[in-house]
Amino acid sequence: MNDVASSVAVTADRWLLLIHQLPAKPAYLRVKVWRRLQALGAVAVKNAVYALPANEQTQEDFQWILKEITEGGGEAMICEAQLIDGVSDQKVRSLFTAARDEDYEPIAKEARALAEALRQDLNAMTQVEGRAQLTRLKAKLAQVVAIDFFGANGRETVDGLLTGLESKLTEGTAVETSENGAAHQTAALAHLKDRTWVTRQGVHVDRIACAWLIRRFIDPGARFKFVSGKGYAPSFGELRFDMFEAEFTHEGDRCSFEVLLGHAGLTEPALQAIAEIVHDIDLKDGKFGRDEAAGIKALIAGVAMAHRSDEERLTRGGAIFDDLYEHFSKKRG
């Protein structure tokens, strides 16, 4: 296991627990403590038991809440655990990512509404108002990112939407994939070969689809590396996809698969159909209304539940996309 992945595994297995009991009065104390826990990104793993990944900062954060609880007449204790009775590490992580996805969703909704408003009327006034709203959305995003301990999928969606908005406000044009410059696309495709492709651990539909596209159409010998979604600096010869600050990730309202497809210059109709399905599953906006999305979503979810190994998920998920590609190829033929 590489150093980054090893470090992540160790950290993820250590949990800090705040166990507390609040008095019936004053009533405001219960609301105050709940809001503080929400602001820290803590999740409830059991009744009156909240968890955070264990580190110096979370220890200090919980200590402040403990002080507030005891001064308000309640009781509280902090303990560190490697295992939480009755709750697996995977389940705890899923609680964190689900909570953060809920936080990202309203930001994404606001960003989409702003993008639509700019699309309908992009004048000097809407540009000024749009920049103000974009600044506010970035501030909201930063607050959620600070407590996104395990790299929830929703972050990539919001990052892409805000990047698209910034581009539209700066240049006055929407982010679109160029359909010209075949020579440039050929050079770009060659540039993607003989690389190590880096993405976040716990791959799901968009990352699985990207890896399938890379191995089948870009570089059959491609190598993959799975790391924490936060703060990873690529080494020479590495390309990141579907993660923060990646070379290939969400752009505007396009998922990573759509972006990678455009950069590689792959325009085959069967691949475009797959891109629409991946988009509808990953961004959940129903843009293309693909009937196949629900079935593929269920199949990928089954793969993710049955296999914790990211490489195994790529293999099993790749087989699903192989079948889907053959289906669309034959249908067109």
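Attention in this report is confined to the structure presented alongside it. (Residues numbered from 1 in each chain as written. Predicted model: local features only at pLDDT ≥ 70, side-chain atom pairs only at ≥ 80, totals over all residues. Heavy atoms only, no water.)

Now for the pattern of salt bridges. Applying the stated criterion across every chain yields a total of 22 salt bridges. In this structure, R36 engages E68 in a salt bridge whose closest nitrogen and oxygen atoms are separated by 3.3 Å. Pair noted here: R36 is in helix 2 (residues 27–40) and E68 is in helix 3 (residues 56–71), with a separation of 32 residues, a long-range link. What makes R36 partly exposed here is its relative accessible area of 25%. Close ionic contact of E116 with R119 constitutes a salt bridge, the shortest N to O distance being 2.7 Å. (Salt bridge = Lys/Arg side-chain N within 4 Å of Asp/Glu carboxyl O. Helix = DSSP H or I, 4+ residues; strand = E, 2+ residues; numbered from the N terminus. Buried < 20%, exposed > 50% of the residue type's maximum accessible area, 1.4 Å probe, protein only.)

What follows is about the pairing of strand 3 (residues 49–53). Summarising burial for strand 3: 5 of the 5 residues are buried, a large majority. Direction of pairing for strand 1 (residues 15–21) relative to strand 3: antiparallel, over a ladder of 5 bridges. Its bridge partner lying in strand 3, L16 is registered against L52. Summarising the sheet, strand 2 (residues 43–46) and strand 3 pair through 3 bridges and their orientation is antiparallel. Each bridged residue has a counterpart across the sheet, and for K46 the counterpart in strand 3 is V49. (Pairing = 2+ DSSP bridges.)

This part takes up the sheet that holds strand 4 (residues 75–81). The strand order across the open sheet built from 4 strands is 2-3-1-4, with neighbouring strands paired in antiparallel fashion. A strand with exactly one partner marks an edge of an open sheet, and here the two such strands are strand 2 and strand 4. On average, adjacent strands in this sheet sit at an angle of 35° to one another, irrespective of strand direction. In this fold helix 4 (residues 89–120) packs onto strand 1, strand 2 and strand 3, with an angle of close to 145° to the strand it touches most, strand 2. (Axes fitted to C-alpha atoms, helices over the stretch in contact; angles between N-to-C directions. Contact = heavy atoms within 4.5 Å.)

In this model helix 4 runs 46 Å from its N-terminal to its C-terminal C-alpha over 32 residues, within 8% of the 46 Å that 1.5 Å per residue would give. Among the residues of helix 4, D89, V92, F96, A99, R100, Y104, I107, A108, A111, L114 and L118 are the ones counted as buried. (Expected span 1.5 Å × (residues − 1).)

Before going further, it helps to spend a moment on the nonpolar core. One finds W197, F224, F257, I274 and F321 to be the most contacted residues of the largest nonpolar core, which totals 43 residues. Sorting the residues of this core by element identifies helix 8 (205–218), strand 6 (223–227), helix 9 (256–264), helix 10 (269–283), helix 11 (293–306) and helix 12 (310–332) as the ones contributing at least two each. For F321, the residues in contact, after removing those within four places along its chain, are V205, I208, A209, W212, I274, V278 and I300. Counting 26 residues, the second largest nonpolar core, distinct from the first, contains L37, Y50, F62 and I65. (Core = buried A, V, L, I, M, F, W, Y, C linked by side-chain atoms within 4.5 Å.)

Our next topic: the sheet that holds strand 5 (residues 196–200). In space, the 3 strands of this open sheet follow the order 6-5-7, with parallel pairing throughout. Edge strands, defined here as strands with exactly one partner in the open sheet, are strand 6 and strand 7 (238–240). Neighbour to neighbour, the strand axes of the sheet diverge by 30° on average, direction disregarded. Sheet topology places strand 5 next to strand 7; 3 bridges connect them, and they run parallel. Note that in strand 7 the partner of W197 across the bridge is L239.

For the coordinates displayed, the defined rule picks out 11 aromatic pairs. Measuring from ring centre to ring centre gives 6.0 Å for W15 and F96, while their planes differ by 10°; the resulting arrangement is stacked. Of the two residues, W15 is situated in strand 1 and F96 in helix 4; the sequence distance between them amounts to 81 residues. One exposure class covers both W15 and F96, and it is buried. (Phe/Tyr/Trp six-rings, centres within 6.5 Å; stacked < 30°, edge-to-face > 60°.)

Let us look at unusual backbone geometry. Cis geometry is adopted by the peptide bond preceding P26, which originates at K25 and carries an omega value of 0°. In this structure, K284 takes a positive phi of about 60° despite not being glycine. Along the chain, the position of K284 falls in the loop between helix 10 and helix 11.

To continue, consider the environment of Q120. Its place among the elements puts Q120 in helix 4. With relative accessibility at 59%, the residue Q120 sits in the exposed group.

Honestly, that's just the spatial picture; any functional story needs more than this.
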